[in-house]
Amino acid sequence: MSAGSDAAAVDLSVEIAGVVFPTPVMTASGCAAAGRELAPFLDVAGLGAVVTKSVLLDARSGRPTPRMVETPSGMLNSIGLQGPGIDAFLAHDLPWLVQRGARAVVSIAGGSLGEYAELGRRVGSSPGVAAVEVNISCPNVEERGLVFACDPFQAGRAVGAARRGIPREVPVLAKLSPDVTDIVSVAKSVLEAGATGLSLVNTTLGLALDPHTLRPVLAGVTGGLSGPAIRPVALRCVWQVHAAMPEVPIVGIGGIRTGLDALEFLAAGATAVQVGTVTFHDPSAPERVAHELRAELATRGICSPRDVVGVAHREPG
Amino acid sequence: MTGDGAYRPLQVRGRVLSNERVGAYHHLTLVAPGIAERTRPGAFVALAVGGDETSMLLRRSFSAYRARESGVYGGTVEVVLAVHGRGTAWLAGLRPRDELDVVGPLGRPFTLPKEPVPCVLVGGGYGSAPLFSLAERLRERGCAVHMVLGAASQQLLFGVLEARRSAQSVEISTDDGSMGVRGVVTDLLPAVLDRTGGAVVYACGPMGMLGAVAGVAADHGAWSQCAVEEQMACGVGVCMTCVLPVRGDDSEVRMVRSCTEGPVFRGDRVLWDAVGTVPAGTVGAPASTAPR
């Protein structure tokens, strides 16, 4: 295909371990609920996938308010994984997505290895799950509240526990935190534990003070920073992991706002991307980014997003 | 309300028709095709601020002041805003023909009484904005409409003249006594309810005022419908930041979203004193966690 081709000639579909996604652009966990609220603004079936808000075993009320604060080109959130629990999710939310023909990537989160194992079994035995994303940025109650994702060993144990109950044909994506010294070693650990691919990255921990009281704004004190403010950090993580393990499927996440942003993540080594915080700004963003990515590829005479994965690592010429 | 049926907010490119200063506030009129036709009193719109390359990602949500189905330029939605920060300052600086992204109508509007009963509408500051279109709807149903407006000072009242035109009686309070009675709306409300036989109280304003109004209404055996002003990031139900503790039909307390389950709540269902906390016993609350 020559430069400046027809956008209609671009096939946006991508594949992660045998599962085909019609576009590489998914929603990000925690930024799309379970898809229903975005239905007035986009076609959920047309998205690469809807990655649902992390579900826990039991219902969770979440933290007190204020739960969010706007920061330059981003926001901090401290929601505390409010949700209905796995029973209500499987009864109401998953069937809604499946009935509409959306690909459901179910994000699970636990406070212990036992919870990850149980959630893996419950979700793994549910029909219509395209993939499972394991959110390991949670405190481990059995290890003094240390976050699983911050320790390669515990990260691997959590992912391994979830993986055991999930059928082989269902890809398992481990969602990693950028708040680590060496993200490649965490990536290796979760892949050895059975992860199919990696979702890079979760929010990075931040703090905002109230200008009048000089006290933390968030009831939870610290919060996860997301949005375009963290895009270079996320892109760096994708780059580092792809450089170390070019064969591993990566889903790039962090401040993606436009098709060009998405293209950068593909070039750095991602097979697919997720649009998160920008959905709060523009509820149709996950669909728009896919359209823009198609145009970006067409302009460059590229037929498929598969052809640009990792090209940033190649020497020019 | 979040199903696929009747409730379908739109996302449109809005255009500023006018932007006028009214006392301490700004009255922004937007041509927003399709949104006006669907907007009922109590519903809100979520506006993107700062333009296409903005560093301000979160939408700013405002109750609809008025919605007109068709004018020369198409349907318009009007909002009233106060400048609190950079986002609202940007909105205040918009000029006719400027464009911005508008999502709406959002949220559950005020519920109207089935019978033509007397209603008392209570507004704090520019929280009075959604009450005027509500008054119109109530009058159409044969309800007597009375209004109580309050603010810190005369300058911070909104719509006093319009209230005098649209309500059978209007009472006013200001903290500093610069207009009406020195005090707060709940100093006036009991007598207004006694005098009018008000069966339903509608209120919009700061959280503290809403809790007090709901309490007075309950003491007088009146229903109350309160439109809350919680901080929202998205306005459409995906961010989970605008929650407050509300008792459901099953008498369980849940942290519910004010954007999708609200912004209008029955006053007797919100745990006003616990707003900002997760009260013990809330569905999903940790057994031993005290609110921080």
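Our subject is the structure that appears above.
Keep in mind that this is a model prediction, so the values were computed, not measured.

Draft legend 1. Examining the nonpolar core more closely. Counting residues in hydrophobic clusters, the biggest one holds 206 residues, and the most contacted among them are Val132, Ala162 and Val238 of chain A together with Val45 and Val213 of chain B. The element best represented in this core is helix α6 (residues 207-219) of chain B, accounting for 7 residues. Discounting chain neighbours no more than four positions away, the residues touching valine 45 of chain B are Ile35, Phe62, Ala64, Val77, Val79, Val102, Val103, Gly104, Pro105 and Leu106 of chain B.

Draft legend 2. Structural detail: the interface of chain B and chain A. Listed as interface residues are 34 residues of chain B and, on the opposing side, 38 residues of chain A. Broken down by class, the residue content of the side of chain B that touches chain A amounts to 18 nonpolar, 11 polar and 5 charged.

Draft legend 3. Spatial organisation of α6 of chain B. Residues and elements named next belong to chain B. For α6, which comprises 13 residues, the first-to-last C-alpha distance of 19 Å matches the rise-based estimate of 18 Å (1.5 Å per residue) to within 8%. Elements in contact with the buried residues of α6: β8 (119-124), α5 (185-196), β12 (200-204) and β13 (223-227). At the C-terminal side of α6, glycine 221 shows a positive phi close to 70 degrees.

Draft legend 4. Examining the packing of helix α2 (residues 113-124) of chain A against helix α3 (residues 152-163) of chain A more closely. Residues and elements named next belong to chain A. Orientation of α2 relative to α3, taken along the N-to-C sense of each, is 30 degrees, at an axis distance of 6 Å. Considering their axes alone, α2 and α3 lie roughly parallel with respect to each other. At the point where α2 passes α3, the crossing takes the right-handed sense. For the pair α2 and α3, the contacting residues are Leu113, Tyr116, Ala117, Leu119 and Gly120 in the first and Arg157, Ala158, Ala161, Ala162 and Arg163 in the second. Here the residues of the contact of α2 with α3 sort into 7 nonpolar, 1 polar and 2 charged.

Draft legend 5. The sheet that holds strand β12 (residues 197-200) of chain A, seen in detail. Residue and element names in this part refer to chain A. One open sheet accounts for 8 strands, arranged β3-β16-β15-β12-β11-β8-β7-β4; its pairing is parallel. Among the strands making up the open sheet, the edge pair consists of β3 (25-27) and β4 (50-51). Sheet topology places strand β11 (residues 172-176) next to β12; 4 bridges connect them, and they run parallel. By the bridge assignment for β12, leucine 176 is matched with leucine 200.

Conventions we followed
Residues numbered from 1 in each chain as written. Chains lettered and ligands numbered in written order. Predicted model: local features only at pLDDT ≥ 70, side-chain atom pairs only at ≥ 80, totals over all residues. Core = buried A, V, L, I, M, F, W, Y, C linked by C-beta atoms within 7 Å. Buried ≥ 20, exposed ≤ 12 C-beta atoms within 10 Å, placed from the backbone. Helix = DSSP H or I, 4+ residues; strand = E, 2+ residues; numbered from the N terminus. Contact = placed C-beta atoms within 7 Å. Nonpolar A, V, L, I, M, F, W, Y, C, P; charged D, E, K, R; others polar. Expected span 1.5 Å × (residues − 1). Axes fitted to C-alpha atoms, helices over the stretch in contact; angles between N-to-C directions. Parallel < 35°, antiparallel > 145°, perpendicular 65-115°, else oblique. Left-handed = near helix turned anticlockwise from the far one by under 90°. Pairing = 2+ DSSP bridges.

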